[in-house]
Amino acid sequence: MTAHGARMHLGVNIDHVATLRQARGVDYPDPVAAVTPCLAGGADGITAHLREDRRHIQDADMERLAAMPELHLNMEMAATNEMVAICERLRPAACCLVPEKRQELTTEGGLDVVTHRVRLESVVSRLSAAGVRVSMFIDPDVAQVEASATIGAPVVELHTGHYANLSGAAQATELARIARAAGLAAELGLIVHAGHGLTLANTPPVAAIPEISGLNIGHAIVADAVFKGLERAVADFRTVIDGARNAARDAAREGGDA
């Protein structure tokens, strides 16, 4: 969807519910139990990252999530043989291929599709054959967008982490870079998502980009939930996303009427 007013898909990443559980090595809080309040708050799907080191989401979590009827599950994963095999078996609605380093606290940048084109093309082919819609988590870079289209990935998710860490003119410049990448991706026939580091304060300008049809947000929602509950935290993001989308639509209409 590329219309300003179209409802934007909101995927809630529940990794950090599992982070709280793993901090004590107990069986609570259960990340799978987060699905119900997330959907009640206005989420359209759930994202979970099964990392190679299993630092938060565990195999049993993914098994239970994949078994939930009608849940739009997006499995974030590295493009390793182990993860590809798991994804082929579980067959979530979607997966997002991300770079992964064991020493990093969180995903620090986009996947280098240009360098790893041959390997990633094979992974996209395998997972697509299993009925999984594959997304490439990339920096908002022209070459990476073009490479993603070339290998047959139907979706790109633009990394917004750099944007989130900037302010002022530098942030505006990065936002423009994201918008250009989103425009190119849409021209190439790709579905465009975005995510990483988004908060209630910095989400609206990204949500207003017409070519972006989905956002994946996790850490900020779980952090907000500590103070106001998970359903309310998701609902607040739903409100700012819809508000930004509607405002952009109205501005586009006024510009067209001028």
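Structure: see above.
Procedures and definitions
Residues numbered from 1 in each chain as written. Predicted model: local features only at pLDDT ≥ 70, side-chain atom pairs only at ≥ 80, totals over all residues. Heavy atoms only, no water. Axes fitted to C-alpha atoms, helices over the stretch in contact; angles between N-to-C directions. Helix = DSSP H or I, 4+ residues; strand = E, 2+ residues; numbered from the N terminus. Parallel < 35°, antiparallel > 145°, perpendicular 65-115°, else oblique. Left-handed = near helix turned anticlockwise from the far one by under 90°. Contact = heavy atoms within 4.5 Å. Core = buried A, V, L, I, M, F, W, Y, C linked by side-chain atoms within 4.5 Å. Buried < 20%, exposed > 50% of the residue type's maximum accessible area, 1.4 Å probe, protein only. Polar contact = N/O pair within 3.5 Å; in protein donor to acceptor, adjacent residues only side chain to side chain.

### As for the packing of helix α6 (residues 142–150) against helix α8 (residues 168–187)
Direction vectors running N to C along α6 and α8 enclose 20 degrees, while the axes themselves pass 10 Å from each other. In terms of axis orientation, α6 runs roughly parallel to α8. With respect to the hand of their crossing, α6 and α8 are arranged in right-handed fashion. For the pair α6 and α8, contact is made by V142, V145 and E146 and by A181, L184 and A185, respectively.

### Section: the nonpolar core
Core analysis: the biggest nonpolar cluster contains 72 residues, and L97, L127, M136, I212 and L215 have the highest contact counts within it. Of the residues forming this core, the biggest block, six residues, is contributed by helix α11 (residues 230–257). With sequence-adjacent residues up to four places away left out, L215 is seen in contact with M8, H9, L10, G11, A194, L198, T203, V206, A207 and I241.

### Side note on the side chain of T47
In this fold, T47 is placed in strand β2 (residues 45–49). Since its relative accessible area comes to 1%, T47 is described here as buried. A polar side-chain atom of T47 sits 3.1 Å from a polar atom in the side chain of N74. At a separation of 3.1 Å, a polar atom in the side chain of T47 contacts the side chain of N216. What T47 contacts, discounting residues up to four positions off in sequence, is V12, N13, I14, D15, N74, E76 and N216.

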